[in-house]
Amino acid sequence: MKNLNRRDFIGKTGLAAAGILSSAGLTEVFASTAGAKKKVALVGTGVRGLGMWSKPVIAEASDIVEFVGLCDINPGRLEYAKEFLGGNIPTFTNFDTMMKQQKPDILIVTTVDATHSDFIVRGMELGADIVTEKPMTTDEVKCQAILDAERKTGKKVTVTFNYRYSPHRQKIYEILRSGDIGEITSVDFHWYLDTRHGADYFRRWHRLVEKGGSLWVHKSSHHFDLLNWWLESEPETVYARGARDHYGDKGPFRSENGTCRGCSHKHDCNFYWDITKSEHLTKLYVDNEKHDGYHRDGCVFRNDCNIWDKHAATIGYANGVNVSYSLTTYQPYEGYRIAFNGTKGRIDAWIKESGAMELEEYDEIMVTKSFGEVEYIQIPQSAGHGGGDKRLREKVFRFPEKVDTWRQSAGSRDGAMAILVGVAARKSIASGMPVKIGDLTDLKPMAKKA
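My aim in this report is to walk through the structure given alongside it, one point at a time.

If you tally the helices and strands in the protein chain, you get 16 helices and 15 strands. Summed over all atoms, the accessible surface of the protein chain reaches about 18,700 Å², with 49% contributed by carbon and sulfur. Averaged over its 61 positive side-chain charges, the protein chain has a centre that lies 4 Å from the centre of its 59 negative ones.

Pairing is mixed in the open sheet, where nine strands are placed in the order β14-β13-β12-β11-β7-β10-β9-β8-β15. The sheet terminates laterally at β14 (374–380) and β15 (435–436), the two strands that pair on one side only. Both strand β8 (residues 235–243) and strand β9 (residues 310–317) contribute to a ladder of eight bridges, which runs antiparallel. The partner of Thr237 across the bridge, within β9, is Gly316. Strand contacts of helix α16 (residues 412–431): β8, β9 and β15, with the helix running at about 50° to β8, the strand carrying the most contacts.

In the contact formed by helix α8 (residues 167–178) and helix α12 (residues 220–231), the axes pass within 9 Å of each other and the chain directions differ by 35°. Residue-level inspection shows Arg169, Gln170, Ile172, Tyr173, Leu176 and Arg177 of α8 in contact with α12, the latter providing Leu226, Trp229, Trp230 and Leu231. The class makeup of the residues in the contact of α8 with α12 is seven nonpolar, one polar and two charged.

Let's shift gears to the side chain of Thr132. Mapped onto the elements, Thr132 comes out in strand β5 (residues 129–132). Under the relative-accessibility criterion, Thr132 is labelled buried at 0%. Contacts of Thr132, omitting those with residues within four sequence positions, involve Val109, His116, Ile120, Val157, Thr158, Val159 and Thr160.

Quick look at the packing of aromatic side chains now. Inspection of every chain in the model, using the stated rule, returns 24 aromatic pairs. Here the aromatic rings of Phe189 and Tyr336 are separated by 5.7 Å at their centres, their planes lie at 70°, and the arrangement is edge-to-face. Taken together, the residues span a long stretch of sequence, with Phe189 in strand β7 (residues 184–194) and Tyr336 in strand β11 (residues 334–342) at a distance of 147 residues. As far as the burial class goes, Phe189 and Tyr336 line up, both buried. For the pair Trp191 and Tyr336, a centre-to-centre distance of 4.4 Å together with 10° between the ring planes defines the contact as stacked. With Trp191 in strand β7 and Tyr336 in strand β11, the pair connects residues that are 145 residues apart, well separated along the chain. Per residue, the accessibility class of Trp191 equals that of Tyr336, and both read buried. An aromatic cluster is defined as three or more aromatic residues linked by ring pairs; in this entry it consists of Tyr163, Tyr173, Phe189, Trp191, Trp216, Phe224, Trp229, Trp230, Tyr325, Tyr336 and Phe340.

Thresholds applied
- Residues numbered from 1 in each chain as written.
- Predicted model: local features only at pLDDT ≥ 70, side-chain atom pairs only at ≥ 80, totals over all residues.
- Heavy atoms only, no water.
- Helix = DSSP H or I, 4+ residues; strand = E, 2+ residues; numbered from the N terminus.
- Areas by Shrake-Rupley, 256 points an atom, 1.4 Å probe, with all protein chains shown as cover.
- Lys, Arg positive; Asp, Glu negative; His and termini not counted.
- Charge placed at Lys NZ, Arg CZ, Asp CG, Glu CD.
- Pairing = 2+ DSSP bridges.
- Contact = heavy atoms within 4.5 Å.
- Axes fitted to C-alpha atoms, helices over the stretch in contact; angles between N-to-C directions.
- Nonpolar A, V, L, I, M, F, W, Y, C, P; charged D, E, K, R; others polar.
- Buried < 20%, exposed > 50% of the residue type's maximum accessible area, 1.4 Å probe, protein only.
- Phe/Tyr/Trp six-rings, centres within 6.5 Å; stacked < 30°, edge-to-face > 60°.

Rendered as structure tokens:
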């Protein structure tokens, strides 16, 4: 079958003309209509689209939502997605055709990160509210286009920051609001990806800055959003360093054909991974490589890798808080350590997600007063990003009008402020100088979020 190109896929997509950006915060956009189901369409039928935003939504909310379309550039993957989800959802390889024919109320965007803005903007132009996976987009130009289109069309963008919804992170938010440790002055935040999860980014399209914006944007936007949410403020300046010391062209050898399959080094490589052991991934990706040439099991030492595998940044917030942040991608365990330093005490957490050490069935937060007691708070762990996935889906689809007590709903401004830290970090690495967030779009950082 003839390969489809991105222009055919999107249709006649035109970015919205410049306009006034939308107001801060998220206006709820999924208020239910009595007796009517919301019509939902999905663009991007990869693992995330199927595993987070279609299969579970159908299982959890089929009484209130109806999937009316699936869209992907890869026709083989589309057919498998249709089968995987039950076999009766209409499929499309042309985005405009799907939108005009099916007229969804909600468009879920789970494509390659660099294409998010195309579908977000065009989706709003064609009448849908948007639910988009993080990162909202990958650079400041695309970010501005989304902000402009949202204001112009009157439609709304929801960014799915599931980390906000996990119980232990919600508890940290509550403690910070309580004032127990006084005013926050600085944060130490260090995230570790292990040799399974971390390496997987270097197998996939994420290894290319032009596809995923680098892990500064694709992965760290999760972390930057948590900071923005926890601190109830917005980043103002970023100074960053980054390097690639382990993956890509730093590897000791590489696959002759660019994939793990058929590699002569598979017996010597600690990162060898046999994708064919997964029937789901084989049917979704391997069987459909002929349509678009995408290999899900790429060699982690491919020479075309151009992202960093270690990251460090100093982030200055508009409310005066300083943040020390780092991300590394080849650790023996996975998780993060975070500490909030306040005028009356400190909050510490060491959240363990994988590793050979003892893994408790709870996440523990330690609250230490400057002149007093230490309190240990244990939060039971839950499946799905710490329990966040299901709670996020429930808020988006079933309880959109429920009072947002912990301000977990995220809109376009939240999405922008999360990715702009990563964009600024890339620019800082290139220039060796600090970068001001306010210079990137017409959003101006707020000391206190409204």
